[in-house]
Structure formats: structure tokens, C-alpha cells
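Below, each chain spelled out in residue letters.
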2 protein chains.
Amino acid sequence: MKKTPVLPSRSALRPLGLDEVQITGGYWGRRQETNAEATIWHCLHWLEKLGWIDNFEKAGTGAEFERAGREFSDSEIYKLAEAMAWEIGRSGSPELEARFIRLTEQISAALESDGYLSTMFGHPGQRPRYTDLEWGHELYCYGHLLQAAVARLRTHGEDDFVRLARQVADHVCDTFGPGGIERICGHAEIEVGLAEFARATGEQRYLDQAKLFIDRHGKRTLGGDGLEYYQDDAHVHDAEVLRGHAVRALYLSSGALDVAADTGDKELLEAVRRQWDRTLARRTHITGGMGSRYQDEAYGDDFALSPDRAYAESCAGIGGVMTAWRLLLATGELSYGDIIERITWNVLAGAVAPDGKSFFYANPLQQRTFDEVPPSGKAVGHSGAGGHRAPWYDVSCCPTNLARTFASLAAYIATVDDGGLQLHQYMPADIATDLADGPVAVRVETDYPESGTITIRIDRNEAGPWTLSLRVPDWADGAQLTGPDGVRRTVAPGRAEITSDFAAGDTVTLELPVGPRWTRADPRIDSVRGCVAVEQGPLVLCAESVDQPGGADVVDLSVDPGKAPVVQDGTVTVSGHVHKHVDAWPYGSNPDPEEGREAAEVALIPFHLRATRGPATMRVWLPTA
Amino acid sequence: MKKTPVLPSRSALRPLGLDEVQITGGYWGRRQETNAEATIWHCLHWLEKLGWIDNFEKAGTGAEFERAGREFSDSEIYKLAEAMAWEIGRSGSPELEARFIRLTEQISAALESDGYLSTMFGHPGQRPRYTDLEWGHELYCYGHLLQAAVARLRTHGEDDFVRLARQVADHVCDTFGPGGIERICGHAEIEVGLAEFARATGEQRYLDQAKLFIDRHGKRTLGGDGLEYYQDDAHVHDAEVLRGHAVRALYLSSGALDVAADTGDKELLEAVRRQWDRTLARRTHITGGMGSRYQDEAYGDDFALSPDRAYAESCAGIGGVMTAWRLLLATGELSYGDIIERITWNVLAGAVAPDGKSFFYANPLQQRTFDEVPPSGKAVGHSGAGGHRAPWYDVSCCPTNLARTFASLAAYIATVDDGGLQLHQYMPADIATDLADGPVAVRVETDYPESGTITIRIDRNEAGPWTLSLRVPDWADGAQLTGPDGVRRTVAPGRAEITSDFAAGDTVTLELPVGPRWTRADPRIDSVRGCVAVEQGPLVLCAESVDQPGGADVVDLSVDPGKAPVVQDGTVTVSGHVHKHVDAWPYGSNPDPEEGREAAEVALIPFHLRATRGPATMRVWLPTA
């Protein structure tokens, strides 16, 4: 069984398992080690400390109990279980394995005889089951349980955790199947969980139930005026763009793509692709962040992409990777890897502190003010708008979500098809898999994106001639590809291919132009008009006040895009000015006089490294004078 | 007793009563008629229909009852009572007077023997009194009751309504005085209500209690993390800027200025003035709208003034007028009239439909999308983001608030001091008052802002020589003043004065340059960088899609500020382009190619007339190409 989170029964490209592809070092290798050694245990500590795990054992007593946490807290335990399962599958950690078995026992305490499992509903003093589908999150929690069970089944095989998940999945089908409660959950997730669990177990009824839930979106079975928030305003087949709560929208899209793949519903695939394409063109920040609105954690209107009020939730980043990866597998178009790379480097990488123990929930592209960092033992409000990562949130969906994603990150590096191997993400990695005609092994060596050179060495080829396909990012004008024959050629953004009967020791080298470059925005994005950004390879850069002349607040900076960015000792600077402004009525014939400007070199850092030296004012989009 | 809403015991300028100054026609004369004939009755209709008035009679039975409306619905009845009282004072309508007396009986039904009055708390099945000061709004409602009682007392004299208010005010002092509940209400308003009621009744204890409430802000007596929202995060004396919920902040500022005036607390005056000045420089939209955030209806960070997500609540406009008017009276600085004019024309005028029966709650400066207009009998969600005025809102604070403001609008036109008369707002008006040395009468004739000519004719002068002071708006470079001697001279923005022993028939003429002009924004306001606006006298203009070539969505427009705006047949147009854009990843080296632009004349209308021909896309800030 492939050790991979997404395994369509039919797809243009086929994913690899974590036993076939491993990250062997570099930035993401370090992040994965930190995830294993720090983040997973940090999350366990908080879940224990807050009593969110205890809820299960208390619920199991049958007595009335004081429940800790919000209505969706069960899902944090499941997401962490998924992270642990992938990490056990990756590293074989016996310590984590023991904890996983204990966690299974703890969760099992709350399982009811008919497969119902929730610490929030149905117990003495609580509301009855399924009486608040809008906000109850019961099915949402199950979805995460099923994704965790997929990880466990694919990395370990059938066990008590998987059996528990089967009971829950059967209960869902019994309860929400035809003739049952013909409604949906206010937070999509059960769809993607059931669909993948169907793949992992071979149980058709789970896929059928996932399809039922997808088809029910848009039937307005949820209450209230805000159906867009839940994506219950329009059928998935009919919608034109992603809208409402961003994480809900992206989880729903992922589930819909899974159903489309396994039922052969090409119209559903095209519908989600259409929504995705429009969302990228009109509702996505340069970082790949999605969700313009703090209010409802929602997508905003087209082109309403204010950097300072960007929400760009970390979990929406994960949902974006989930959706794009399924589109990539379904269509075989390598360009979907561009947005995965963008999100991974510019949303996910920065969402976890370098030590793995604090997190951004929202990832705005501009920080006008910042708060004091609260004491480290304190959870904070979930918008986390204060400009610093927090160890935990009152709504703490992001930490465990990031942990499961980092643990399974290798799954997004490469795919195969009948013709060969495709490389999507560039990091040091070992890949060993079977192509149509035999096994192959390749090693990827690179310090990308510090340099743009990616070397792919063939270690083994018993498959005869095959095609190595490499994603060339859309920004990589002038990329160079050198084949085993030593011939160097320019390759256009998109897909670069080399077909060869590779010999062991052959190398293919891709050189991407990772120098800093000015980037401008579609003029319909009002909030960044008159601004430029600097990107460097896949990295979006930003200016932080701590790096500026005299610690200048970034609100007072402007830059000159007529001069190229300069790299010196690894640091990027651009020429610009520090302005001295006067406070008065801010509208008039000339509120921006020339006097009081001083030339300055504006230093930039990767966006994902922001707020690692204490909170600061920060901006990605830099005004031109 | 002066028939005026604000009457400080000490001030630099003294307000006039509605018996001393009347609007005699023009735009605001028509609006006042519509307010009397349509808006007040419309609000009465909704309050009856929704059962918000019935709540009082039901509460009076002592039995458990099903209460209609939100926790602050009592205040709508009080604000409407205030509107009715001013309107009765202005026009003497016997129909309204009869309804006012009936309303007094209805409200009185719920008054308890100790002066407690709320339909929300303390009755069978309800929570006990004052157990939710954060959200209960009991004192907030009282504040509006007291403002209504001030209107009644000053326009009619002592009656059952005023006696009822006295009982409530006494109850508040008994309950929240020293040794009582030493906390505040989550929504400021009681302060301004008590302070003015103290002035109207001469009761010192009401002023003392108002001062106590002001001083308690910042003592963190309210619960929860979001103390900024309630202005309980910092003392009013210490704060640097208005913050948190905008309406709360402005009502609190008004109450603080009243307390400062009547207790002679100059530091408090200066503190509020400092906060106000910084708020104007950094947190105010060009329309005078305040409140950048839908979330919490709050002020945002400095310079975070996104046009499309501007909240600019109508009630915050009213709070802005309240605060600026108190600053004007306290300091004698005529320039505070600039922001009153700006808010009046660009927030309040447009917040009520021309027929007086539908309202904007939020007043964003850009409308990217719009919704279908719902059936006319339906109240809508209170953000009202759909681009059309609604007849009522679930949180319906604005309609009654606008009604009371329109009914008392004449009070903001003029003031007197020992030296003479000051004119602040320009509209057709009759003014007859007593100066230090005798009575004077003047008539203002103008169709401002259609033209910039304002003629002040002296009808009577038995006061000897005195000074007529005229506010010259900050945008009015090149204004001309002609005295009774026929000499015409240029006057600078600020204050223009003529001192004379005026004879009946003398005229003074002020000519303001009301042609359309380009306006730019402080470059720290990121969200309008690279844009210009067009203003015309006090009016902010906007482009609506219905006026553009081919009905072009305003997102596709750009303008050329190198060419002056043109007025033809009363319509302003500017030269620009309609762009044809292509959807793709919206960030890159050149996402705005030249091809596909077509020259176009962009038609503009006053912002306050937006959405009067059906909803449309709309923008105030126009991109330069």
C-alpha cells in the first residue's frame, strides 16, 4: 500500500509513497526533523494540558462532565494522530508509536456502540447528536479521524485505530446515507476523509457517501442567511469561484476532486478547476495565501486583496496544497506545482517558528503594528493579529494541521506515469520506485532556493528508456537544462523533459534563475497599486522595520524599481527613501511633498522569516515614490 | 430654554436653539421635510411591526413574555422619541405630538418602582439586571432615553416623558454611584446622556455620575480580552487616538467633552482633541467616514483605510458630528465645521434614500459587487454590504439615529459669542437671536453647493457693531468675501470676518470655489496609492458603473489627472480609459499591458447619490493609468 495521503484510483500522474521518496536534508529536511522532535510533542503537550484529550475519557464514563475546548477540539487530536502516523511511517519512532497506541485507547473510550464518536454532543447535559450541523463540527471531526486512519492504514496496516475509524465511517453512512439525515456538515472535511478512506479500505460505500455529501452542497440544507460561508449556496458543479470560509471551500474542493477522480466525473473536475483558476487569478495573494477577510475567515470579492487585512490562514494554505495537488494528479499539468511551491515557501514555512513551537494562524502581508509577545504559556485569540507567532490559539486548528503536512511533505515531491518520473518540488531527496518496465532510483541534490542549481543523479535504471519531467516555475525565464550528454539548453516555464535510457551515474541539471526580481500586480488589485514586491526564486521577500535605517517604520519607506535589487552576503537590498510625514487632514491637492525624504537602502528578508527577531512592522508590497 | 441638543455651561461659542435658527429650503430643507413626513413614520411602522414597542407593555405585565429584537432594541424607541421631540419642536406637528404622548404611555408601562427600565433584563425568564454590562446595553439605552428627554424638556417642558427620564437617571446614580456598581456600560452613551440631562435639569448629580463613568473607562472593569472594543483599555485622559468600536469611541468622546466643559477639565478637553486630531489625520476616510473594519465595527490601524472594506457606519458619522460640534463649541475653532460638513454631505446625506425610507448602515467607498435588492418588507443583516439601502436592519441603530439628527440639523448652522455671530454650515436659513447688546436677524440665501455663492442678508440689527464670522472650508483656496460696502476680497481657508454696525438690508457674500478638483491622499494610506478622487465643494464624487461607457465595471476604469475635470449640464466627467484585462496569475513582471485600453470619458456623481438608480459597482478613488 502506498504510504501517501492522496491515492486516486484513476489519475494522470501517480503519487509516490513515503517509502519511495524521502527528503534527505536541506531546509525542509531540517523542518521535518523539527516537526518530529518539537512540534508534534508541543501539540501533544497542549492537548493534554488543556484537557482536550481528557474529554474522550470523560465522555466515555457516561456521566455528565465539564468539557474543555471548542466544538471542534476533537479534530485536533485526530490531526495530531495523522501527523504521528506519517512521522512513524517516515522515521519509525518507537516513542511516537507507543504514544499513538495510548492515544488510540484514549480516543476509543468515547466510541459508542453504534459508531458515534464526539465529546461535544449526546452526553448527559449536552445537546443531542447532529442537532447543530451548521456549527457542531461532528462530521468535520470524523473527516480528520478518517484522514488519520488513512495515514495509519497506509503506514502500519489494520489496527485498533483503523477499526475505530471503520466503525465511525459505517456510522456516518448509516446515519447520513439515503433515507437518513440528508444534510451536510457546516465545515467540509468529511468528504475528503471518506473518499480517501474508501480508497484505503476498498469500501465503495464510503465513496458513495462522500459523493452524496458533495452533491448535497448547494441544496441549502443548512440554516441561516450565510450559506456562502458553508458553500451551501451553490452546487459544486455550478459554482464559478471559491467563496465563503476559505478552509471550508478548499477542503470541499479537495473532496470534490477525489470524488470526481474515483467516479470518473469529468464535469466535476472541470468545475473545480474553473473555480480554482479564477480563485488564483482574482482571490489569491502573492504568497499563495487565500482568504481576504478576517470576518468569517473568508474569501473576499475579486481583487479585494488588502495586504494588511489579508487573513491567509495557515490552514487555508494547507487546503490550497491539497486542492492543487489533486488537480496536478488529475490533469498531469505540472504548473499546479507552482502554487504548491509558492504556498509551501511563503505560507507554510513561515507559519511555524524555526524552533517548531509557535505558529501563525493568519499570515497578513503587512504588519502595521505589533503587540507585546504574551507569556509563553498562554493561548491567544485565533486571528493572532499581533505580529508574532503564538504557542497555541483558542481556535488551534493550524498547529496540528501544519504538523501532519510537514510529516508527509515528501509525498508532494514526485510522481510517475507510464512514461516516466515527474519532479515537482525541489529539495534534497532520494527517490526509488518502479516505472512501467522496472525499478529506478534517483537522487536530487540541491540547496535550492539559495542557489538555482538542481542536480538529479540516476542511481539505478532497470526500466529502459523513460522520460524525466521537471517543473519549470512560471517565473523562471531563461532556465537551463543540461542532460546526461552534457548539452545545455534553455527551457521555457512549464515542463522540461529529457527522455533517455539513463545509466547509473547519469546526471540531469536544472538551473533556475533565483536572483531577486521586481514583481508587479494586476492593476485591478487596488490595494497594492503603486507598489512593487521583490521575489527571489520561489520566495516572496518583505521589509521589516528592524532591518531599516534607524529602525524606520516600514510605513515610511519607498523604493525605486528603476534600480535592480542587489544581493550582498546573502542579503537583498533595494534603493529607496525614508520619508518624513506630517500629520494633518490627509487628503488634498498635494499631501506628499518632496521635502523630508532621505535616500536609503531598504533591506529585505524572506517573508517566511518575518517576526523571528521579535515582532516588527513589515510589508511585502513596497511603495514606489 | 434653548431648543438645542448640546448646551455646555461654559464654552467659547454658544449654540442656538431651533426657535432661533431654521432651515428654510434647499437640499437640507427638503431632507428635513422628508424626515418629518416619511422617515419618522417609517421607523414607527417598523418598531410597531417588529414588536419592539410592544416589549415595553409586555414587560409591564410582570409575566414571562417573548421578547422581540436584540438587546439594544429599547434604544431605537428612545432615539425615535428624540427625533419626534425635535420635529415637534421644529414644526409643532399635532399628529406627532399625539403619537409622542402615546409612546410615553407605552414606555412607562415597563418602568419599575425604583426607576429601572429595560425590556431585556430582570423580568421572569430573563437574566437579572446588570449581569452583562459588556453586552447588555441597559445603560446605553438609558443614555438615549436621556437625550430624548433633553429634546422633550427643551422643546416642550416637563411632562411624563421627562419625569420618567428623571426616575431612570436617579436610578442610575443610585445604582452606579460611589459604593454602588463601580463599572461601566460596554457601549458608551450614558455619559453623554447624563451630562446633557444635567444641563437641561440643573441636577449636579447627573453630571457627577457622567464624570464617574468617564473616569472609570480604562479601569478594565469589563470582562474579556477585547477591552479596546469598549474603550476600557485606557483612560480617556491618557489615550492617544480613537480606537475599538467606532460608535462607542465617538459617543464616549462626546460625553467626555461634555464633562470637560462643565467641570472645567482642560486636560480632558485636550486629551479628546489630541485623539480626534490624530484620528482625522490617520483613521478617517475622505468622506469623513470612520471605522475601517467590518470586524467589530471598529477603527483600524493608522492609515488602514481600505475603500472597499471601509465600514464608515452611519452612526459613526453621527458620532463624528457630535464630537466635532462639542470641540467647535469648546475651542471656538471654526475649522471643526469642516469635518461636520464633510460628514453631513458624504456620510449622512447618502445614508438615507431620497424617499426617506431606506438606509445605508455601512458606507464603503467602493462597491465591487452588489446583491439583488431584497423584498421591501425584509430587514437585512446589519453590515448591508450588498450595495443598496435597506428599509430596516437586524441591528437597526442607524435609521432612528439619522432621523433625530436630521430633525435637529439646524442646530449646527450657527453660534454666537460676545463678539457676534458665527456661520458654520451653509444652507438657506433664517437666524434670529440676541447678541450681547441686542437682537439681530439674518437670512442666509444660497443653493450651495450647486453654486458657491452664499448671501447673508441682515434683516435686523439692534446690537450695534458686531462681527460676522464665516467658516471658509480648508479646500476653498481663493474664496472671495464681499462686505456691505461692496468691497470684494480674497479670504484664506479658516475664518473670514466682517465687523460692522450692520444695517437692515446689508448683505455679505461669500463665494466658495466649488468647481470639481482632483484630490490626492497621504502616501501612507496604502490602499489608495496611485489613485485620485474628485471633490466638488464639500462633495466627494464617485464613479458608478451605470454611468460608464457600455456600463463598464468600475474596476476596469482609469483616469488621467493631467486633465482637469469638466462640468457640463451639471455633470462632472474626467478623461480616462476602460481597460480590458486578462485573467491569469496576477503577479509578474508586467501584468498590465498597454493593449486593450480604450479612451473614455468617466462620468461622476456625488457619493451621496450612489445606488439611487439601483445597485452598481462604484468607486470614489480612481486609479491613474
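Residues numbered from 1 in each chain as written. Chains lettered and ligands numbered in written order. Predicted model: local features only at pLDDT ≥ 70, side-chain atom pairs only at ≥ 80, totals over all residues. Heavy atoms only, no water.

Glancing now at the overall build of chain A. Across its full length, chain A carries 13 helices and 23 strands. Reported as C-alpha extents along the three principal axes, the dimensions of chain A are approximately 75 × 70 × 45 Å. Looking at chain A as a whole, 66% of its 625 residues are labelled buried. For chain A, the proportion of contacts with a sequence separation of at least 24, taken over those separated by at least 6, is 68%. Entry remark: accessible area of chain A is about 20,400 Å², with carbon and sulfur atoms responsible for 48%. A gap of 1 Å separates the mean positions of the 61 positive and 91 negative side-chain charges of chain A. (Helix = DSSP H or I, 4+ residues; strand = E, 2+ residues; numbered from the N terminus. Buried < 20%, exposed > 50% of the residue type's maximum accessible area, 1.4 Å probe, protein only. Contact = heavy atoms within 4.5 Å. Areas by Shrake-Rupley, 256 points an atom, 1.4 Å probe, with all protein chains shown as cover. Lys, Arg positive; Asp, Glu negative; His and termini not counted. Charge placed at Lys NZ, Arg CZ, Asp CG, Glu CD.)

Attention now goes to the pairing of strand 16 (residues 539-544) of chain A. All names here are of chain A. When you tally the buried positions in strand 16, you get six out of six residues, the bulk of the element. The side-chain alternation of strand 16 yields two buried faces, one formed by Leu 539, Leu 541 and Ala 543 and the other by Val 540, Cys 542 and Glu 544. In textbook terms, the turn of a hairpin is the stretch between consecutive antiparallel strands, and for strand 15 (residues 531-536) and strand 16 this stretch comprises two residues, one of which, Gly 537, has a positive phi near 60 degrees. Across two bridges, the pairing between strand 16 and strand 21 (residues 597-606) is antiparallel. Directly across from Leu 541, in strand 21, lies its bridge partner Pro 606. Of the pairings in the sheet, the one linking strand 16 to strand 22 (residues 618-619) comprises two bridges and is antiparallel in character. Residue pairing for strand 22: Ala 543 is matched across the bridge by Arg 619. (Pairing = 2+ DSSP bridges.)

Here the focus is the relation of the copies chain B and chain A. Under the fitted operation, chain B is carried onto chain A by 0.0 Å of movement along the axis and a turn of 180 degrees, and the coordinates agree to an RMSD of 0.0 Å. Such a combination of rotation and displacement between the chain copies is what one expects of a two-fold axis. Relative to the rotation axis, the C-alpha of Ser 527 of chain B is the closest in chain B, positioned 2.1 Å from it. In this assembly the copies share their binding face: 100% of the residues contributing to the interface of chain B also contribute to that of chain A. (Least-squares fit on C-alpha atoms with pLDDT ≥ 70 in both.)

Attention now goes to the packing of aromatic side chains. All names here are of chain B. The full count for this structure, using the stated rule, is 44 aromatic pairs over all chains. Arranged with centres 5.4 Å apart and planes meeting at 65 degrees, the rings of Trp 28 and Trp 345 form a pair that is edge-to-face. Of this pair, Trp 28 sits in helix 1 (residues 26-49) while Trp 345 sits in helix 12 (residues 336-351), placing them 317 residues apart in sequence. With respect to burial, Trp 28 and Trp 345 carry one shared label: buried. (Phe/Tyr/Trp six-rings, centres within 6.5 Å; stacked < 30°, edge-to-face > 60°.)

Residues and elements named next belong to chain B. Pairing within the open sheet is antiparallel, and its seven strands lie in the order 2-6-7-8-13-10-11. This sheet does not close on itself; its edge strands, each paired only once, are strand 2 (21-23) and strand 11 (488-491). Shown here is a sheet whose adjacent strand axes are inclined to one another by a mean of 20 degrees, direction ignored. Sheet topology places strand 8 (residues 453-461) next to strand 13 (residues 507-511); five bridges connect them, and they run antiparallel. Counterpart to Ile 456 in the pairing with strand 13 is Val 508. (Axes fitted to C-alpha atoms, helices over the stretch in contact; angles between N-to-C directions.)

Think of two packed helices as two axes; the pair is described by the angle between the axes and how far apart they sit. Residue and element names in this part refer to chain A. For the pair helix 9 (residues 246-263) and helix 11 (residues 314-331), the least separation of the axes is 8 Å and the interaxial angle reads 20 degrees. Judged by the angle between their axes, helix 9 and helix 11 are roughly parallel. Considering how the two elements wind past one another, helix 9 and helix 11 form a crossing that is left-handed. Between helix 9 and helix 11, the residues in contact are Ala 246, Val 247, Leu 250, Tyr 251, Ser 253, Ser 254, Leu 257 and Asp 258 and Cys 315, Ala 316, Gly 319, Gly 320, Met 322, Thr 323, Arg 326 and Leu 327, respectively. In terms of residue class, the contact of helix 9 with helix 11 is made up of nine nonpolar, five polar and two charged. (Parallel < 35°, antiparallel > 145°, perpendicular 65-115°, else oblique. Left-handed = near helix turned anticlockwise from the far one by under 90°. Nonpolar A, V, L, I, M, F, W, Y, C, P; charged D, E, K, R; others polar.)

For the rest of this paragraph, the subject is the interface of chain B and chain A. Each side of the interface is counted separately: chain B has 51 residues, and chain A has 51 residues. Note on chain B versus chain A: buried area summed over both sides is about 4,300 Å², and carbon and sulfur give 51% of it. Of all residues in chain B, Arg 524, Trp 585 and Tyr 587 of chain B give up the largest surface area on contact with chain A, accounting jointly for 18% of the area buried on that side. At the surface where chain B touches chain A, the tally comes to eight salt bridges. Of the charged contacts, one joins Arg 368 of chain B and Asp 526 of chain A as a salt bridge, the two residues approaching to 3.0 Å between their closest N and O atoms. Counting the contacts that link chain B with chain A gives 24 residue pairs in polar contact (both at pLDDT 80 or more). (Buried area = accessible area lost by both parts, 1.4 Å probe. Salt bridge = Lys/Arg side-chain N within 4 Å of Asp/Glu carboxyl O. Polar contact = N/O pair within 3.5 Å; in protein donor to acceptor, adjacent residues only side chain to side chain.)

Per the stated rule, a full pass over the model turns up 112 salt bridges over all chains. Here Glu 511 of chain B and Arg 488 of chain B are joined by a salt bridge, their closest N and O atoms 2.9 Å apart. One end of the pair, Glu 511 of chain B, is in strand 13; the other, Arg 488 of chain B, is in strand 11, with 23 residues separating them in the sequence. Through salt bridges with shared partners, a single ionic network connects Arg 278, Arg 282, Arg 283, Asp 302, Asp 522 and Arg 524 of chain A together with Asp 583 of chain B.

Here the focus is empty space enclosed by the protein. Tallied over the full model, the rule gives 15 cavities of 30 Å³ or more. Roughly 310 Å³ of internal volume is contained in the largest cavity. What lines the largest cavity is a set of 28 residues, among which Ser 306 and Arg 309 of chain A together with Ser 292, Ser 306 and Arg 309 of chain B lie closest to the centre. Among the residues forming the lining of the largest cavity, the class breakdown is eight nonpolar, 10 polar and 10 charged. Approximately 190 Å³ is the volume attributed to the second largest cavity. (1 Å grid on protein atoms, 1.4 Å probe; cavity = no way out; pocket = protein on both sides within 12 Å on 5 of 7 lines; lining within 4 Å. Points joined across faces, edges and corners; volume = space filled by probe spheres on them.)

This part covers helix 5 (residues 138-155) of chain B. Residue and element names in this part refer to chain B. Over its 18 residues, helix 5 extends 26 Å from the first C-alpha to the last, a length consistent with the 26 Å expected when each residue adds 1.5 Å. Among the 18 residues in helix 5, 18 count as buried, and that is most of the element. The positive-phi residue at the C-terminal boundary of helix 5 is Gly 157, with phi of around 105 degrees. (Expected span 1.5 Å × (residues − 1).)

For the rest of this paragraph, the subject is the packing of helix 5 (residues 138-155) of chain A against helix 7 (residues 190-201) of chain A. All names here are of chain A. Viewed as axis vectors pointing N to C, helix 5 and helix 7 meet at an angle of 30 degrees, and their least axial separation amounts to 7 Å. Taken as axis vectors, helix 5 and helix 7 run roughly parallel relative to one another. Along this stretch, helix 5 crosses helix 7, giving a crossing that reads as left-handed. Contact with helix 5, carried on its side by Leu 139, Tyr 142, Gly 143, Leu 146, Gln 147, Ala 149, Val 150, Leu 153 and Arg 154, involves Ile 190, Val 192, Gly 193, Leu 194, Glu 196, Phe 197, Arg 199, Ala 200 and Thr 201 of helix 7 and no other residues of that element. Taken together, the residues of the contact of helix 5 with helix 7 sort by class into 11 nonpolar, four polar and three charged.

With that settled, the discussion passes to unusual backbone geometry. Put simply, Tyr 448 of chain A and Pro 449 of chain A share a cis peptide bond, and its omega is 5 degrees. Along the chain, the position of Pro 449 of chain A falls in the loop between strand 7 (438-446) and strand 8 (453-461). Even without glycine at this site, Asp 296 of chain A takes up a positive phi of about 70 degrees. Positionally, Asp 296 of chain A belongs in the loop between helix 10 (266-282) and helix 11. Its identity as a non-glycine residue notwithstanding, Tyr 130 of chain B has a phi of 55 degrees, on the positive side. The exposure class assigned to Tyr 130 of chain B is buried, which follows from its relative accessible area of 9%.

As a note on interpretation, predicted positions should not be read in detail where pLDDT is low. Looking at chain A as a whole, its pLDDT mean stands at 95, while 99% of the residues score no less than 70. Here the complex is predicted with pTM 0.91, and the ipTM for its interfaces comes to 0.91. (pLDDT = per-residue confidence, 0-100.)

The next thing to look at is the sheet that holds strand 9 (residues 466-472) of chain A. Residues and elements named next belong to chain A. The strand order across the open sheet formed by five strands is 1-4-5-9-12, and the pairing between neighbours is mixed. Each edge of the open sheet carries a strand with a single partner, namely strand 1 (14-15) and strand 12 (494-500). When strand 4 (residues 414-417) meets strand 5 (residues 420-423), the two strands line up antiparallel, connected through four bridges. Bridge assignment links Ala 414 to a residue of strand 5, and that residue is Leu 423. Seen against the sheet, helix 11 touches strand 1 and strand 4 and runs at an angle of roughly 20 degrees to strand 4.

To continue, consider the environment of Ile 214 of chain B. Residue and element names in this part refer to chain B. Summarising the element assignment, Ile 214 is placed in helix 8 (residues 204-216). Taking relative accessible area as the criterion, Ile 214 reaches 2% and is therefore assigned buried. Ile 214 sits 68 residues away from Leu 146 along the chain, and the two C-alpha atoms are 17 Å apart. Discounting residues that sit within four places of it in the chain, Ile 214 has contacts with Glu 191, Val 236, Leu 252, Gly 255, Ala 256, Val 259 and Leu 268.

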